[in-house]
Amino acid sequence: MLDEFNTWLGATPLSLLIQKVLWIIPTVQTVHILAISAVLASMAMFDLRLLGLVGTRHSIVSLSRRFMPWLWGSLIVLAVSGSILIIGEPKRALGNSVFLAKMCLLAAAILLTLGFQIILKRDLAGGNTDLASPHFAAAKIVGLLSLVLWVGIAVAGRLIAYTG
Amino acid sequence: MFDHFLHWLESTPIAVAISESSWLFPGIESVHVLAITLVVGSISMVDLRLLGINLRDRPVQELIAEVLPWTWISFAVAVCSGALLFSSNATHYWGTVPFRAKMLVMALAGLNMLVFHATTYRGVAAWGASRRLPRAARVSGGLSLALWIGVVSLGRWIGFV
């Protein structure tokens, strides 16, 4: 079923174009890596702040407003560039267990981020100027988990090239 | 002379281990990519501030003090992991255009940074907090951004030759 889909996708005109023009895949991969740089650097800063290790004189909400637009903007770039890479080489990604693991980690990272944003919004709506103190412990767990997830996503991304 | 060095490098036990192992190269490469994303991501934050695109409410010296230590740590990791990857097939990499171009562009990025710190940055106390920075600072930021995008492009290209 998946094999048939991959064969069909690999035979579409768009896929054939991506396969035929040699510079498309390296260029799109470069765009993909640059967008990952924006995500990892932004999330590292934000997560290290949640852990209380860096930039503690900035409020969590100010860093959230600063970095979240970069996260969501970059994720759109990543989805588009990633889709082009999949269309160009469907079997390399879709039948690959590391690719599936990467997508699961990504889903977890997005849900974790959204969950934390909801908690932060509620605290602000409840009259707090920043994340409320009962949530500080949870913020540390979120920061650590998020760091591990994003590093895992980047590593899995590179390993797709080596696995089947 | 340099060829001898490259051959010697390839024959070191570490280089042989990396080229013969099925997982050492991908493993080290993952670390390399991770380190580069942090180098480029953190430098871009400063570059975009110099260009006046991002973080305009933050004084430049404060941002640089906060971000640059992480850039240097990541850069050190990228250099070490990159040297290991290079050693596994040194003569091949040295002979490729994108590898040489990557080293050249990285040297230019370093030079740009040195010039910025030796000239424009000396007066940072006067302009660091303004939203729109002097032209020299904007030029440095734009050059740095372009050069590091070049480094990533050329690095990815090495894998295709």
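Residues numbered from 1 in each chain as written. Chains lettered and ligands numbered in written order. Predicted model: local features only at pLDDT ≥ 70, side-chain atom pairs only at ≥ 80, totals over all residues. Heavy atoms only, no water.

(A) Up close: the packing of helix α2 (residues 13-20) of chain B against helix α4 (residues 60-88) of chain B. Residues and elements named next belong to chain B. Orientation of α2 relative to α4, taken along the N-to-C sense of each, is 80 degrees, at an axis distance of 8 Å. Here α2 is positioned roughly perpendicular relative to α4, judged by the angle of their axes. Here Ile14, Ala15, Ile18 and Ser19 of α2 come into contact with α4, specifically with Leu84, Ser87 and Ser88. Considering only residue class, the contact of α2 with α4 consists of four nonpolar, three polar and no charged. (Axes fitted to C-alpha atoms, helices over the stretch in contact; angles between N-to-C directions. Helix = DSSP H or I, 4+ residues; strand = E, 2+ residues; numbered from the N terminus. Parallel < 35°, antiparallel > 145°, perpendicular 65-115°, else oblique. Contact = heavy atoms within 4.5 Å. Nonpolar A, V, L, I, M, F, W, Y, C, P; charged D, E, K, R; others polar.)

(B) Examining a nonpolar patch on the surface more closely. A surface patch of nonpolar side chains, about 480 Å² in accessible area, is lined by Leu104, Leu108, Leu111, Leu114 and Val115 of chain B. Here Val115 of chain B lies in helix α6 (residues 97-118). (Patch = residues over 30% accessible without salt bridge, like charges linked within 9 Å, V, L, I, M, F, W, Y side chains within 5 Å. Areas by Shrake-Rupley, 256 points an atom, 1.4 Å probe, with all protein chains shown as cover. Salt bridge = Lys/Arg side-chain N within 4 Å of Asp/Glu carboxyl O.)

(C) Examining the environment of Gly82 of chain B more closely. All names here are of chain B. Mapped onto the fold, Gly82 is located in helix α4. On the basis of relative accessibility, which here comes to 18%, the residue Gly82 falls in the buried class. Along the chain, Gly82 and Leu108 lie 26 residues apart, while their C-alpha atoms are 18 Å from each other. (Buried < 20%, exposed > 50% of the residue type's maximum accessible area, 1.4 Å probe, protein only.)

(D) Looking closely at the pattern of salt bridges. Summed over the entire model, instances satisfying the criterion amount to seven salt bridges over all chains. For the salt bridge of Glu29 of chain B with Arg158 of chain A, the shortest nitrogen-to-oxygen distance reads 2.7 Å. Placement of Glu29 of chain B in helix α3 (residues 24-50) and of Arg158 of chain A in helix α7 (residues 136-159) is noted, with the two residues assigned to different chains. Accessibility expressed as a relative area gives 11% for Arg158 of chain A, which makes it buried. A salt bridge links Arg58 of chain B to Glu66 of chain B; the nearest nitrogen and oxygen atoms lie 2.9 Å apart. Both residues of the pair, Arg58 of chain B and Glu66 of chain B, count as buried. By sharing partners, the salt bridges in this structure join Arg57 of chain A together with Arg58, Glu62 and Glu66 of chain B into a single network.

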